[in-house]
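# Working through the structure, step by step
The lines below spell out each chain.
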Amino acid sequence: MPDILGGLSHLPSPAALEAWSCRRPALAPDNSAVAFVSDQDGSPRVWVQPLGAGLDAWPIDTGPQPVVDVSWGPTGERLAVLLAPGGGEHTQVWTVRPHGGELRPLALPNGSAALVRWTGRGESVLLAETSAAGLTRAELADALTGVRQVIAVGELLWPAAVSRDHARMLLRRGPRGLRRMYAADALPGHPPGGERDLLPGLHGSTDQGALSPDGEIAYLVSDAGRDRAALLAVRRNAYPVVLAERPDAELDRLALSADGRRAVLVWNEHGRLALDVVELPAAHVRTLPPPPADVVTSVRVAWDGGTAVLAAESPEESSHVLLCDLFAGTYRYAAGAGRLPDATGAELLRFPARDGLELAAWLYRPPHAQGPAPFVVSLHGGPEDQERPTFNPLYQNLLAAGIGVLAPNVRGSGGYGRAFREADDLALRFRAVEDVADCAAALVRTGAADPSRLACMGWSYGGYLTLAALVTHPRLFRAGVDMSGIADFETFYARTEPWIAAAAVSEYGHPETDRDLLRALSPLRAFDRLAAPLLIVHGTQDTNVPVHEARQAFEAARARGVPCDLLLFEDEGHDIRNRSNRISLVSKVLDWLGHHLWASPAA
């Protein structure tokens, strides 16, 4: 058995834990530097990397709170920064100078604020503020004066874009999976004009949108009226036109240049990426060469429209910054920790579920395994998120310890079309739970896994799915790890943020009209079937899935005599952002899974 039980000093792959990330990069207006969020000194904060040869990056002091996002203003004078006080979900927007200093609050709501984008008009920023009661206000804020103007208010609302003259706006409304995009007037000093549904009568969801600078054309990322998300254009008072679509891939991201003449499209091909450039409004599409990474998590076009800045990663390399010349199709490395020499890559595995629906998973084989090895089935959040071949320190440490990972996309995951995404809605969720067992069976059929040494773990919705699989198939897994998961839908709906509860109804069911279904779906109500030892991990500042879910699951498991441990992080919310906490998390999970998977079956 590998020596993984001796604490932090004996972690098998410390390089994977120490590899810092660069996320949400934004170029300066003159392309002289790139700002990004990095945890290279332990906690996520803003760093600025000048792009001249041999120049060092510098951090920007925005206080002790973790940073989630950064965006560079069009004049180059200020950065907008999204902070997460206490590591939780109630975020705030501040602005700061690119060399530090003059830190100013812009949005400190009694709830959560979000930074949408700079509008391109002076130092104006489009913001979204969601109150504790779940009501969202779309606002235009002046980063110099702090003056803010409310341009729209509503539940399950998101301001997707605003024209440069602030006369037109795009508003997204509705719960996840059923979002619709509307165009409306947003003239200063006037009440908002009537909203126009841009894709009326078409079933589906429109998650992203951008406006041409004059507000005359809306560019939408939507699967409305089709199975896979495509790029649509809607002119004022005209029918939508398809600008770009693929039969075997979904449009994942859209980044529009400031002048509206060029867009970068990120396509999702089974989780890996492909990039196109679209010249607008003629819709001439050029395919870019593949970047030196598997996944792009962020893309922004420079103010001059000639360069795109990407946050990219692969299983062997943490998130880093790439610059792409949109004319030459070449890539340049700008910032990052570099490739890990001993990291293990992923292979795509495709197989049928018991009802014939095709599923896909990323298979990480232990590099030095001799015969069938212990394996963990790792389940992503969402449920409409997607498992992709990204950098995961926990995976790399498990692999170094001789434990393989199968990371599937069960029904309900994103990236495979609307029909697949909706295949777990409401009572269909029982089939998603069965998918977990089918994933384990497919894994064993490969010959890579020892069927007597399987574990299950997941984060957020994946934590819920882990608990559901453990009580539905109590003898299938030797151990489980639930991270930030829902244990009981009744307590989840009663304690989560109001807007999260409202958005979840279309996925899980209504807490009143679907009460019996939600009780049947709740793992906690079947804990008398729990047999596998369970580790529960949660951040106490989590208001998405409140920590009560973890505490009641822990108490219920212990009351039934099931070995259970609880790891709480007092300074984290729904995500684990601080590197020291991630090290503690990886250490604990390695300890837990190593003990239960490497022990003899009779132990």
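Preceding block: the structure.
Bear in mind that the values here come from a model prediction, so they are computed numbers and not experimental data.

## Brief notes about the overall build of the protein
The helix and strand inventory of the protein stands at 10 helices and 36 strands. The C-alpha atoms of the protein give a radius of gyration of 24 Å, which matches the 25 Å a tight globule of 603 residues would have. For the protein, the spread of C-alpha atoms along the three principal axes comes to 70 × 60 × 45 Å. Per-residue burial for the protein yields a buried fraction of 60% across its 603 residues.

## Remarks on the pattern of salt bridges
Across all of its chains, the model carries 44 salt bridges by this definition. Put simply, Arg148 and Glu139 hold a salt bridge, and the shortest N to O gap is 3.3 Å. By relative accessible area, Arg148 is classed as partly exposed at 36%. Its relative accessible area of 1% is what places Glu139 among the buried residues. Counted as one network, the salt bridges with shared partners bring together Glu77, Arg78, Arg97, Glu102 and Arg104.

## With respect to the pairing of strand E12 (residues 148–155)
Bridging between strand E11 (residues 135–142) and E12 involves seven bridges; their strand directions are antiparallel. What sits directly across from Arg137, in E12, is Val153. Linking E11 to E12, which pair antiparallel, is a turn of five residues; within it Gly146 sits at a positive phi near 80°.

## Some thoughts on the packing of aromatic side chains
Throughout the structure, instances matching the rule amount to eight aromatic pairs. With centroids separated by 5.2 Å and ring planes inclined at 55°, the aromatic side chains of Tyr464 and Phe489 adopt a geometry described as tilted. Taken as a pair, Tyr464 in helix H5 (residues 461–472) and Phe489 in helix H6 (residues 489–495) lie far apart in primary sequence, 25 residues in all.

## A few points about the packing of helix H4 (residues 429–445) against H5
The geometry of H4 relative to H5 is characterised by a closest axis approach of 9 Å and an angle of 75° between their N-to-C directions. In this view, H4 runs roughly perpendicular relative to H5, as classed from their interaxial angle. Residues Arg429, Ala432, Val433, Glu434 and Val436 of H4 pack against Tyr461, Tyr464, Leu465, Ala468, Ala469 and Thr472 of H5. Grouping the amino acids of the contact of H4 with H5 by side-chain chemistry returns eight nonpolar, one polar and two charged.

## Notes on the side chain of Glu549
You can see Glu549 is positioned in helix H9 (residues 548–559). This buried residue, Glu549, is left without a salt bridge; Arg495 holds the nearest opposite charge, at 5.8 Å. Among the polar contacts made by the side chain of Glu549, one reaches the side chain of Thr491 at a distance of 2.6 Å. Apart from the residues lying within four places of it in its own chain, the contact partners of Glu549 are Gly485, Ile486, Ala487, Asp488, Thr491 and Phe492.

## Focus: the sheet that holds strand E16 (residues 196–197)
Reading across from one edge, E13-E14-E15-E16 is the order of the four strands in this open sheet, with antiparallel pairing throughout. Both edges of this open sheet fall to strand E13 (157–162) and E16, since each of them pairs with a single strand only. Summarising the sheet, E13 and strand E14 (residues 168–173) pair through five bridges and their orientation is antiparallel. Directly across from Val162, in E14, lies its bridge partner Met169.

## Description of H4
Look at H4: 25 Å from first C-alpha to last across 17 residues, which is about the 24 Å you get at 1.5 Å a residue. Just past H4, the residue Gly447 takes up positive phi, approximately 85°.

## Observations concerning the sheet that holds strand E3 (residues 45–50)
As summarised here, the arrangement of the four strands in space is E1-E2-E3-E4, forming an open sheet in which the pairing is antiparallel. At either margin of the open sheet sits one strand with a lone partner, and together these are strand E1 (22–27) and strand E4 (58–60). Taking each pair of neighbouring strands and ignoring which way they run, the sheet shows an average axis angle of 30°. Where E3 meets E4, three bridges bridge the pair, whose relative direction is antiparallel. Counted as the bridge partner of Val46 is Ile60 from E4.

## Remarks on the nonpolar core
Counting 62 residues, the largest nonpolar core has Phe477, Phe489 and Phe527 as the members making the most contacts within it. Core analysis: the second largest hydrophobic core is formed by 29 residues, Leu399, Ile403, Ala479 and Trp592 among them.

## Quick notes on the environment of Gly76
Positionally, Gly76 belongs in the loop between strand E5 (67–72) and strand E6 (79–83). Taking C-alpha positions, Gly76 is 23 Å from Ala160, a pair spaced 84 residues apart along the chain. Not counting residues within four places of it along the chain, the set of residues in contact with Gly76 comprises Pro29 and Pro98.

## What to know about the side chain of Asp276
Positionally, Asp276 belongs in strand E23 (residues 272–279). Asp276 gets classed as buried once you look at its relative accessible area, which sits at 4%. Engagement of the side chain of Asp276 in a polar contact is seen with the side chain of Arg246, the distance being 3.1 Å. Side chain to side chain, Asp276 and Thr287 meet in a polar contact 2.9 Å long. Those residues within four positions of Asp276 in sequence are excluded, and the remaining contacts are Arg246, Ala263, Val264, Leu265, Trp267, Val285, Arg286, Thr287 and Leu288.

## Observations regarding the environment of Thr330
Here Thr330 shows up in strand E28 (residues 330–335). What makes Thr330 partly exposed here is its relative accessible area of 42%. Through-space distance from the C-alpha of Thr330 to that of Ser452 is 48 Å; in sequence the pair is 122 residues apart. When residues no more than four places from it in sequence are discounted, the contact partners of Thr330 are Leu323, Cys324 and Asp325.

## A look at helix H7 (residues 498–508)
For H7, the full list of buried residues reads Ile500, Ala501, Ala503, Ala504, Ser506, Glu507 and Tyr508. Elements that come into contact with the buried residues of H7 comprise H4, H5, H6 and helix H8 (515–521). Positive backbone phi, at 130°, marks Gly509, one or two positions downstream of H7.

Cut-off values and rules
Residues numbered from 1 in each chain as written. Predicted model: local features only at pLDDT ≥ 70, side-chain atom pairs only at ≥ 80, totals over all residues. Heavy atoms only, no water. Helix = DSSP H or I, 4+ residues; strand = E, 2+ residues; numbered from the N terminus. Rg over C-alpha atoms; globule rule 2.2 N^0.38 Å. Buried < 20%, exposed > 50% of the residue type's maximum accessible area, 1.4 Å probe, protein only. Salt bridge = Lys/Arg side-chain N within 4 Å of Asp/Glu carboxyl O. Pairing = 2+ DSSP bridges. Phe/Tyr/Trp six-rings, centres within 6.5 Å; stacked < 30°, edge-to-face > 60°. Axes fitted to C-alpha atoms, helices over the stretch in contact; angles between N-to-C directions. Parallel < 35°, antiparallel > 145°, perpendicular 65-115°, else oblique. Contact = heavy atoms within 4.5 Å. Nonpolar A, V, L, I, M, F, W, Y, C, P; charged D, E, K, R; others polar. Lys, Arg positive; Asp, Glu negative; His and termini not counted. Polar contact = N/O pair within 3.5 Å; in protein donor to acceptor, adjacent residues only side chain to side chain. Expected span 1.5 Å × (residues − 1). Core = buried A, V, L, I, M, F, W, Y, C linked by side-chain atoms within 4.5 Å.

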